Every structure is written in C-alpha cells, then in structure tokens.
Amino acid sequence: MSSAAPEYVFATPFLNPPASPIRSLMPYALRPGTISLAGGYPAQALFDVDGLSIASTQVMSRLGACLQYSNIDGQASLRHELARLSAARGLHCNADTELVVTGGSQQALALLTRVMLQPGDHAIIESPAFPNSVQALRYTGATVHTVTSGPDGIDVDALDELAGRIKPKIVCVVASFSNPCGATLTRQRRLRLLELAVKHRFLIVEDDPYSELRFAGEAVPPITALAEGEARHWAVYLASMSKTMAPALRIGWLIAPPEIRRRCVSAKAADDMASSAWIQEVVAQYLANGRYEEHVPRIRAAYGLRCDAMAEALTRELDGRVTFRKPEGGMFFWARLTGDVDATRLLPYAIEHEVVYVPGKAFYADEEKADLFAMRMSFATMNESEIAQGMVRLGRALEACEANEPVSISLAA
C-alpha cells in the first residue's frame, strides 16, 4: 500500500526553485552534429593539460599532507599565489587577512550574500545578469532589484536614484566582459560606482571571471583596485580560475575588508569546511611554475580569433537581421534580432537546424523588462570553422521561422 506524499514545509526562497533555462538546453546542445553556442564553457581543447600534469606530479611527492583537511580560508601556498596574481591586476591585498579561497566565484558570492543579506534587506544587480547570481541574492530572502546594463555597463545615474530610495546593502556587477552582454564598465563609471558606494553606504560586489580574456582594447583595473580612502571599505572582489585554467578545479577567491572576510570564513566553515587541499596545492604549484602567465596569452589569442570569426559570420550570414556590438574580450556576443521573430520563437528552428543559443530573456530577473529579441552566443567552445557554419545554420533557421515552416521541436515557454 502506497502512502500519501508528505507535505514538506520548505523555506520561502525554495518553495518554487526556478529551472535553469540554460541547463534545459543541454540535451539539444549535446546532440551529435549540433553546433552549440549556448554554454558559457571554456574551450576544452585549450586546457593546459601538460602544465597541470606537471604540477600534479610535483604535488604527489608531498601527497600525504595534501590529503588532510585544509585551512578553511585556503592553503597558505595558494592564498599567497592568488594575492600575487591579484596584485598583477592592480589589486594589492593581505593574503592572510583579506583573501579567502572558495569553490569558484559562485561560492564566494553565496558566502558573501549569506553574510550580508537577510529578509527585509535590499540588493541590486545589473540587468541582464547571470541567473545563478540572481539566485544567490534571492536565496537570502532579500528583495532583489535591477538596474539596466548597456554596452558600457550598469547605468550609474539610474543606480544613484534607486539606491537613494531603497538603501541597498550590496550592488553586484561584472565590470569586465559581463555575462551575457560582454559589456565593460569604463574607468569613469567604475570611479562613479565607488563614489555612489560611499554616498549610499552599499557594498560593491565585483565578480571578475573574464578580465584576463581581453584580446582587444585597453585593460581597465578592477573596481576594487581603483578604490581609495573610504571607498576601500565598500568594495569586494570575486575571481575564478574556471575560465582561465579549468572549471573542474573549482577554485575561486574573494578579497574583502578583514571584518567581512572573517565572517565569510565562518560561513564557509558551515558550508563545506574547506576546499580540497590537494587541488589547491596543484593550482598553487601551477602558478608558482609560471605556467599561468604562459597559458593565458594563448587562450586570449585563440578567443580573439573566434570572436573575429563570429563577428564576420554574423555580418555575412545575417546582415541587417541582427545587431550586435563586438566585445573586446570574454566569451559572449549579445545579439538582437531586428525583425518580427523573437529569440524564443526562433530557438526550435535553430535546434532543428543543429545550432543552439540562449534566448536573452533567460538573463532577466524581472521578466517584464526582458528583451525578447536578444540572444547570447558564446564563441569560446567552437573553432572558427564551426562558428562560421553555425551562423549559416542560424540564418537558415531564421528564414524557416519567418516563412512559418513546420518545426518538430517543441520547447516549454
């Protein structure tokens, strides 16, 4: 005899957890022969397998110590290597009092939001934004607000007005090559953002997975590196090895004022106790070997060629039917359809023509403000010829959609 299903009482933020619109596309993206522009993955063929193998072999000689629990804030060797790497980006910190090793930058954000936010608080994130970042904010029970982000990043005037009304505790941005837009905040906007943080007493949370993937234009220092005086107390920096080394390492880091950092360490103790000492030592050894400085220029150059290939193919195959701004780095194009067909309606036709992208509405926390004609396409995973073929297929899919041809793919709205 079967019993009735129990009526669990879930915490409010988890009553109706949203399905990931990006993960829902994976079964189609993984079909043999399909060209996937959907995932935000680095190119597997570009991983420095040899360099990581050498570092792993070196660490094997002291394997016993690496099998023990790690320090909650991270292995000292890795903290000091990450502090050195951050200094090369213009961001100087104390590895022992300001830096924490985390399980990717997503855990860093989760820890920080848990420390800073609770029901009744307010937080702001740029829009469009990475859906998992929005979830990290919402899972605290805080009220999440959005400010429009354009080609030059978050609208600081709109942020000033909103912050004056709601008094947010944190404001989240990806300042360099944002996901999904590929936008970069100018130096002037970064400085203005720091002024607003001091004025309104909110914490700037800068997530920086992509800044080292710049292949055109002039580099801009992280927001936290530009902070001076009182502004230094109102900026936190998150970073990751996922896009420059390998996602499976699950190594990120957080740089914050000591009082915030101390509380994030306590939150991490309750979360996972510590990141893997073994993996941390491998990454520290890899950095100490100098392989990172050798590897990043190679992937930067490769992504630059793939970005060029996508821009050229979009112009050639969909001229006049899409608009886009070519990014100077990162992994993504944010393109917009110019006709009557929106990106969601087009998607089943694209899948049938064996090319996949992510409709732009997946990146809006406020669905009523979503740009239904936008789409995110990643140029990182596919090579230049695959990208060119993908744009040919996308053009054919758009023609089929405009002609209202029958399509066999049925997707949930």
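Residues numbered from 1 in each chain as written. Predicted model: local features only at pLDDT ≥ 70, side-chain atom pairs only at ≥ 80, totals over all residues. Heavy atoms only, no water.

### Description of the nonpolar core
Part 1 of the reasoning: Formed by 58 residues in total, the largest nonpolar core has its most connected members in M310, L346, Y357, M375, M377, M391 and L394.
Part 2 of the reasoning: Going through the elements one at a time, α12 (291-317), β11 (332-337), α13 (343-352), β12 (355-356), β14 (374-378) and α14 (384-402) are the ones with two or more residues in this core.
Part 3 of the reasoning: The element best represented in this core is α12, accounting for eight residues.
Part 4 of the reasoning: Formed by 29 residues, the second largest nonpolar core is a distinct cluster that contains L52, V101, M241 and Y286. (Core = buried A, V, L, I, M, F, W, Y, C linked by side-chain atoms within 4.5 Å. Buried < 20%, exposed > 50% of the residue type's maximum accessible area, 1.4 Å probe, protein only. Helix = DSSP H or I, 4+ residues; strand = E, 2+ residues; numbered from the N terminus.)

### Description of a negative patch on the surface
Part 1 of the reasoning: Together, D340, E399, E402 and E405 give the surface a local cluster of negative charge.
Part 2 of the reasoning: Locating E399 in the fold gives a position in helix α14. (Patch = residues over 30% accessible without salt bridge, like charges linked within 9 Å, V, L, I, M, F, W, Y side chains within 5 Å. Areas by Shrake-Rupley, 256 points an atom, 1.4 Å probe, with all protein chains shown as cover. Salt bridge = Lys/Arg side-chain N within 4 Å of Asp/Glu carboxyl O. Lys, Arg positive; Asp, Glu negative; His and termini not counted. Charge placed at Lys NZ, Arg CZ, Asp CG, Glu CD.)

### Re the environment of A45
Part 1 of the reasoning: As for its placement among the helices and strands, A45 is situated in the loop between β1 (35-36) and α2 (49-60).
Part 2 of the reasoning: Here A45 falls in the exposed class, since its relative accessible area comes to 74%.
Part 3 of the reasoning: For the pair A45 and L394, spaced 349 residues apart in sequence, the C-alpha to C-alpha distance is 24 Å.

### Comments concerning the UniProt feature "domain: Aminotransferase class I/classII large" (unreviewed entry) in the protein
Part 1 of the reasoning: Mapped onto the present numbering, the UniProt feature "domain: Aminotransferase class I/classII large" (unreviewed entry) falls on residues 64-393.
Part 2 of the reasoning: Secondary structure content for residues 64-393 is 42% helix and 18% strand, while the C-alpha to C-alpha distance between its ends is 53 Å. (UniProt positions renumbered as here; feature names shortened; annotations may be inferred.)

### As for the sheet that holds strand β5 (residues 153-154)
Part 1 of the reasoning: Read across the sheet, eight strands follow the order β2-β9-β8-β7-β6-β3-β4-β5 without closing on themselves; strand pairing throughout is mixed. Edge positions in the open sheet fall to β2 (99-102) and β5, since each of these has one partner strand only.
Part 2 of the reasoning: Direction of pairing for strand β4 (residues 143-150) relative to β5: antiparallel, over a ladder of two bridges. Across the sheet, the residue bridging to S149 is I154, located in β5.
Part 3 of the reasoning: On the sheet, helix α10 (residues 258-271) packs against β2, β7 (203-208), β8 (235-240) and β9 (252-255) and is oriented at approximately 25° with respect to β2. (Pairing = 2+ DSSP bridges. Contact = heavy atoms within 4.5 Å. Axes fitted to C-alpha atoms, helices over the stretch in contact; angles between N-to-C directions.)

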